[in-house]
Amino acid sequence: MPSPRRSVEGRPLGVSTSSSSSGGSPAHGGGGSRFEFQSLLSSRATGVDPACARLRASESPVHRRSSFPLAVAGPSQAPPPPLPEEDRMDLNPSFLGIALRSLLAIDLWLSKKLGVCAGESSSWGSVRPLMKLLEISGHGIPWLVGTLYCLCRSDSWAGREVLMNLLFALLLDLLLVALIKGLVRRRRPAHNQMDMFVTLSVDKYSFPSGHATRAALMSRFILNHLVLAIPLRVLVVLWAFVLGLSRVMLGRHNVTDVAFGFFLGYMQYSIVDYCWLSPHNAPVLFLLWSQQ
Ligand SMILES: CC(C)=CCC/C(C)=C/COP(=O)(O)O
């Protein structure tokens, strides 16, 4: 009696076909790999040799790392070795994996929808100059230059202490953001125009948003060390929030870059507060500065 489970080419599914010249790329409609992937999924039920099934899994479209189709390799080349265990686990993704992928998909979709100022021709393109002005208000250079200027002009020890810590906070922020951007290497959204005012090399990456970290850090710093009337305090919080939102509207960032940026900036303030520099715990720093 003939077997009911057969590949498109009429071969029994227990036989690997991917190295044959008639395999074809799944992208081009050659069904070999796709059918083998299906056979892999059901191999446990049908008792197909697991070693054979693993080899086919490594050749399946889901697992293939290279975008180069197998069919192009030709019949004379040996099939690639099976991928390591962690790659094969894609076939059985964990709940966390599914949740993360779903979150990323929502993130990309929402960020694209909110990127209404990404270009002059975008639906809110006319407010782009205003968004770029906001961008400069959260840029590292004006904050660094402003802090150094005030530090030079300050004639009180209390003022110097606060400004010294503000400088420390800004430098810590630049360092941590550069470090995480360099480690994560998440690309900026495709709809972003890279026309930003002075950037560092890591600023081609988007996670986390440096403007969002600075907005959260600076607003917490200001609220804790400046005596301000309530309307001004509200304005500071509003500035931080709108600055974060403007990053997504300009198309510079995805929503998760900004959300994590806010979180990181908030935590950075806690670090600065914990390590607060004063003439008692860092006398050398203050003596050096007073001799300038
Ligand atoms: C050159 C200096 C001192 C700082 C760079 C500031 C900057 C361009 C950060 C990038 O921010 P996003 O990550 O929000 O785009």
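All values derive from a computational prediction rather than experimental measurement.

Caption draft 1: Molecular detail of the site of the ligand. Not every one of the 17 residues close to the ligand is listed here, only the nearest: Lys181, Arg188, Gly210, His211 and Arg247. Take lysine 181: an N or O atom from its side chain is 2.5 Å from an oxygen atom of the ligand. Side-chain polar atom of arginine 247 to an oxygen atom of the ligand: 2.8 Å apart, as the coordinates give it. Here the ligand, which alone exposes 440 Å², has 94% of that area covered by the protein. Where the shell around the ligand is concerned, the elements lending two or more residues are helix H9 (157–184) and helix H10 (210–225). Counted by class, the shell around the ligand contains six nonpolar, six polar and five charged residues.

Caption draft 2: Spatial organisation of the side chain of aspartate 203. The residue aspartate 203 is located in the loop between H9 and H10 in this model. The class of aspartate 203 is buried, set by a relative accessible area of 14%. Dropping the residues within four chain positions of it, aspartate 203 is found in contact with Lys181, Arg188 and Met194.

Caption draft 3: View of the environment of leucine 110. Among the secondary structure elements, leucine 110 is positioned in helix H6 (residues 95–114). Linking leucine 110 and valine 248, residues 138 residues apart in sequence, is a C-alpha distance of 9.3 Å.

Caption draft 4: Representation of the nonpolar core within the structure. Grouped together as the largest cluster of nonpolar side chains are 31 residues, with contacts concentrated most on Met218 and Trp239. Looking at this core, the elements with two or more residues in it are helix H7 (128–137), helix H8 (140–153), H9, H10, helix H11 (230–249) and helix H12 (255–274). The element contributing the most residues to this core is H9, with seven residues. Setting aside chain neighbours within four positions, we find methionine 218 in contact with Trp143, Leu166, Leu170 and Trp239.

Caption draft 5: Region of the structure containing H6. When the terminal C-alpha atoms of H6 are compared, their 28 Å separation across 20 residues agrees well with the 28 Å that a helix rising 1.5 Å per residue should span. Within H6, burial applies to Gly97, Asp107 and Ser111. End-on view of H6: buried residues confined to an arc of 85 degrees, all on one side of the axis. The exposed set on the far side of H6, more than 90 degrees from its buried face, consists of Phe95, Ile106, Trp109 and Lys113. Of the surrounding elements, those touching the buried residues of H6 are H11 and H12.

Caption draft 6: Inspection of unusual backbone geometry at higher detail. Note the cis peptide between phenylalanine 207 and proline 208, where omega equals 0 degrees. At arginine 185, a position not held by glycine, the phi torsion is positive, near 55 degrees.

Caption draft 7: Region of the structure containing the confidence of the model for the protein chain. The predicted model of the protein chain has a mean per-residue pLDDT of 78, with 69% of residues at 70 or higher. For this predicted complex, the interface score ipTM comes out at 0.96, alongside a pTM of 0.69.

Caption draft 8: Focus on H11. Along its 20 residues, H11 runs 28 Å from first to last C-alpha, staying within 8% of the 28 Å computed at 1.5 Å per residue. Within H11, burial applies to Val236, Trp239, Ala240, Leu243, Gly244, Ser246, Arg247, Val248 and Met249. In the core, the buried residues of H11 are packed alongside H6, H7, H8, H10 and H12. Glycine 251 lies just past H11 and shows a positive phi near 80 degrees.

Caption draft 9: Summary view of the pattern of salt bridges. According to the stated counting rule, one finds 10 salt bridges in the structure shown. Across the salt bridge formed by lysine 181 and aspartate 203, the nearest N and O atoms sit 3.0 Å from each other. One end of the pair, lysine 181, is in helix H9; the other, aspartate 203, is in the loop between H9 and H10, and 22 residues separate them in sequence. Here aspartate 257 ties to arginine 186 by a salt bridge, and the two come within 2.8 Å at their closest N and O atoms.

Caption draft 10: View of the packing of H10 against H12. It is at 6 Å that the axes of H10 and H12 come closest, and there the two elements cross at 40 degrees. Looking at the two axes, H10 sits oblique to H12. Here H10 and H12 pass one another in a crossing that is right-handed. Residues Ala212, Thr213, Ala215, Ala216, Leu217, Arg220, Phe221, Asn224 and His225 of H10 touch H12, and the partners they reach there are Val258, Gly261, Phe262, Leu264, Gly265, Tyr266, Gln268, Tyr269, Ser270 and Val272. Partitioned by chemical class, the residues of the contact of H10 with H12 number 11 nonpolar, seven polar and one charged.

Caption draft 11: The arrangement of a nonpolar patch on the surface in detail. A cluster of nonpolar side chains, namely Ile106, Trp109, Leu110, Leu114, Leu232, Leu235, Leu238, Phe241, Val242 and Leu245, defines an oily patch on the protein surface of about 900 Å² accessible area. Counting residues per element, the ones that place at least two in the nonpolar patch are H6 and H11. Of all the elements, H11 adds the most residues to the nonpolar patch, at six residues. By secondary structure assignment, the location of leucine 232 is in helix H11. Overall, leucine 232 belongs to the partly exposed group, its relative accessible area being 42%.

The rules behind the values
- Sequence order as written defines residue numbering, which begins from 1 separately in each chain.
- pLDDT decides what is reported in this predicted model: residues at 70 or higher carry local features, side-chain atom pairs at 80 or more are listed and counted, and totals for whole chains, interfaces and linings draw on all residues regardless.
- Only hydrogens and water are set aside when side-chain values are computed; all heavy atoms of the structure are taken into account.
- When we say a residue is near a molecule or strand, we mean one of its heavy atoms is within 4 Å of it.
- Pairs of N or O atoms are called polar contacts if they sit within 3.5 Å, as long as, within protein, a hydrogen donor faces a hydrogen acceptor (for residues adjacent in sequence, only side-chain-to-side-chain pairs).
- In short, Shrake-Rupley with a 1.4 Å probe defines the accessible areas, and a residue's cover is counted only from the protein chains shown.
- Each helix is a run of DSSP H or I of at least 4 residues and each strand a run of E of at least 2, with the numbering of both proceeding from the N terminus.
- In the scheme used here, Gly and all other residues not listed as nonpolar or charged are polar, with Ala, Val, Leu, Ile, Met, Phe, Trp, Tyr, Cys and Pro taken as nonpolar and Asp, Glu, Lys and Arg as charged.
- Only protein chains enter the accessibility calculation, which uses a 1.4 Å probe; a residue is then buried when its area is under 20% of its type maximum, exposed when over 50%, and partly exposed in between.
- Here, two residues are considered to be in contact whenever any of their heavy atoms come within 4.5 Å of each other.
- We define a nonpolar core as any set of buried Ala, Val, Leu, Ile, Met, Phe, Trp, Tyr and Cys residues linked to one another through side-chain atoms lying within 4.5 Å.
- One fewer than the residue count of a helix, multiplied by 1.5 Å, yields its expected span.
- Directions from the helix axis toward the C-beta atoms define the arc.
- The pLDDT score gives, residue by residue, the confidence of the prediction method on a 0 to 100 scale.
- Any carboxyl oxygen of Asp or Glu within 4 Å of a side-chain nitrogen of Lys or Arg constitutes a salt bridge here.
- Axis lines are fitted to C-alpha atoms, over the contacting stretch for helices. Their N-to-C directions set the angle, which ranges from 0 to 180 degrees.
- Oblique is the label for any angle not under 35 degrees, not over 145, and not in the 65 to 115 range, which are roughly parallel, roughly antiparallel and roughly perpendicular in turn.
- Crossing handedness is defined as follows: a turn of the near helix away from the far one that is anticlockwise and smaller than a right angle gives a left-handed crossing, while the clockwise case is right-handed.
- For patch detection, residues must exceed 30% relative accessible area and be free of salt bridges, and they are connected within 9 Å for like charges or within 5 Å for nonpolar side chains (Val, Leu, Ile, Met, Phe, Trp, Tyr).

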